[in-house]
Structures are given as structure tokens and as C-alpha cells.
Amino acid sequence: METERLFVKIPDYSHAKYFFELIDENVSKFMVWSLLSSPESYYGLIDDRIELAEKWIRWDAIIIEKQSWNMIGNFWVVVYDESINWIELWYWLWVDYQWKWYITECVEKIKKIWFDDFWYNRILIKATKENISSTNVAKRCWFHFDWVLRNDAYIKWKYVDKAYYTFLKEEYIK
């Protein structure tokens, strides 16, 4: 996938060192996963991403800024229920690239692709209630706030509430 400022693609082993360098406590603050111990420890993660993309279960991609050619974050599309035709979006950006609307750019491109080309009906963004950056992405992309589900995830040894935002195909304007 390509946007005006970004390339979004499935990673290969050459990106393992960037995962290791970019994912720190700030990036993983609201994530269920923990930091890994070495660049090589990301090889299994990359293998899993390739396999899940080939099976059309999840598209776990990296975000590369065109201007610098730096990997700056991660963007997932997760297909949950094809009978309802909906997907969930997950994402993170390295701290130095936050507040530049890169994720908003990715979300808007996904809306176009999924609603124009793939006939999906709903896109979901689920964010830890305190994760203001993620909830702001949903708001900037015109997602509807549906609810907060209490104790919806176990992150960093505590239960957290998640805010649910949805965008429906019927709301999409080409």
C-alpha cells in the first residue's frame, strides 16, 4: 500500500533491527506485548506476519516514510468475521514521528481500499481509553465512538478499559 508520504508493506528479515531499535517502553506502553531481547528475536514475528498475510487473516505491515526511507511504525489490518465483513485496525508509531498524522493517512487509505475494492462493511479501531493518540486518530478519521468496554484487555499486568470506534461503509464518501 502506498500513500502520499508512506509505503506500508509486509516486513522481511532486514527490518528486524528496526523493530528492535524502535520498539521501546513509550511505543509499547498501551500494547499487550512486551519488548523482545534482540533483533534476531523478531525473525519469528516476521515469519508469522508473512504467513498470516498469505492466509488473508492479518496484514501486519511496517510503515516506511518515503522522504527518509526510515521504518517509522507498524500498521495492522485484522480480518475477524467475513460473514459480517469487518476488519480491525491496530497501529503504532515511533515517538519521533508521532503527531504528524501518518496513521491518519494510513487509515484513510485503508477506508478507500476496503470500501471501494473489498466490499467490507465496517472498520473498527479499539484503543486503550487513556491512549489519546489512538483515540484522536479515530476522531480525525470520522469514526463513530460506540462505547467503552471495561477491563477489555490485560496490559502490563493490569486490566484496562478499551474505547471502541467504528466506521461503516454507508458513511464512506468517495
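I will try to describe carefully the structure that is included in this document. (Residues numbered from 1 in each chain as written. Predicted model: local features only at pLDDT ≥ 70, side-chain atom pairs only at ≥ 80, totals over all residues. Heavy atoms only, no water.)

**Quick word on the side chain of Arg-49**
- Along the chain, the position of Arg-49 falls in helix α3 (residues 43-54).
- One buried charged side chain, Arg-49, makes no salt bridge at all; its nearest oppositely charged neighbour is Asp-60, positioned 4.0 Å away.
- Among all residues touching Arg-49, those that are not within four sequence positions of it are Pro-11, Phe-19, Asp-60, Ala-61, Asn-74 and Trp-76. (Helix = DSSP H or I, 4+ residues; strand = E, 2+ residues; numbered from the N terminus. Buried < 20%, exposed > 50% of the residue type's maximum accessible area, 1.4 Å probe, protein only. Lys, Arg positive; Asp, Glu negative; His and termini not counted. Salt bridge = Lys/Arg side-chain N within 4 Å of Asp/Glu carboxyl O. Contact = heavy atoms within 4.5 Å.)

**Side note on the packing of aromatic side chains**
- Throughout the structure, instances matching the rule amount to 13 aromatic pairs.
- Here Phe-7 and Trp-69 contribute two aromatic rings whose centre-to-centre distance is 5.2 Å and whose plane-to-plane angle is 25°, an arrangement assigned as stacked. With a gap of 62 residues between them, Phe-7 in strand β1 (residues 6-9) and Trp-69 in the loop between β2 (58-65) and β3 (71-81) connect regions that are remote in the sequence.
- Take Phe-7: its relative accessible area is 23%, and that puts it in the partly exposed class. (Phe/Tyr/Trp six-rings, centres within 6.5 Å; stacked < 30°, edge-to-face > 60°.)

**Focus: the environment of Ile-64**
- As for its position among the elements, Ile-64 is in strand β2.
- Note: C-alpha distance between Ile-64 and Lys-9 (55 residues apart in sequence) is 8.1 Å.
- Leaving out residues up to four positions away in the same chain, Ile-64 has contacts with Arg-5, Leu-6, Phe-7, Lys-9, His-15, Trp-69, Asn-70 and Met-71.

**Some words on unusual backbone geometry**
- Phi is positive for Trp-69, which is not a glycine, with a value near 65°.
- Given a relative accessible area of 58%, Trp-69 falls into the exposed group.
- At Trp-101, a residue that is not glycine, the phi angle is positive and equals roughly 65°.
- Since its relative accessible area comes to 49%, Trp-101 is described here as partly exposed.

**Regarding the pattern of salt bridges**
- Tallying each qualifying case throughout the model produces seven salt bridges.
- A salt bridge links Glu-108 to Lys-111; the nearest nitrogen and oxygen atoms lie 3.1 Å apart. Taken together, the residues Glu-108 and Lys-111, both in helix α4 (residues 102-116) and three residues apart, mark about one turn of the helix.
- For Glu-108, a relative accessible area of 31% puts it in the partly exposed group.
- Note on Lys-111: relative accessible area 3%, which makes it buried.

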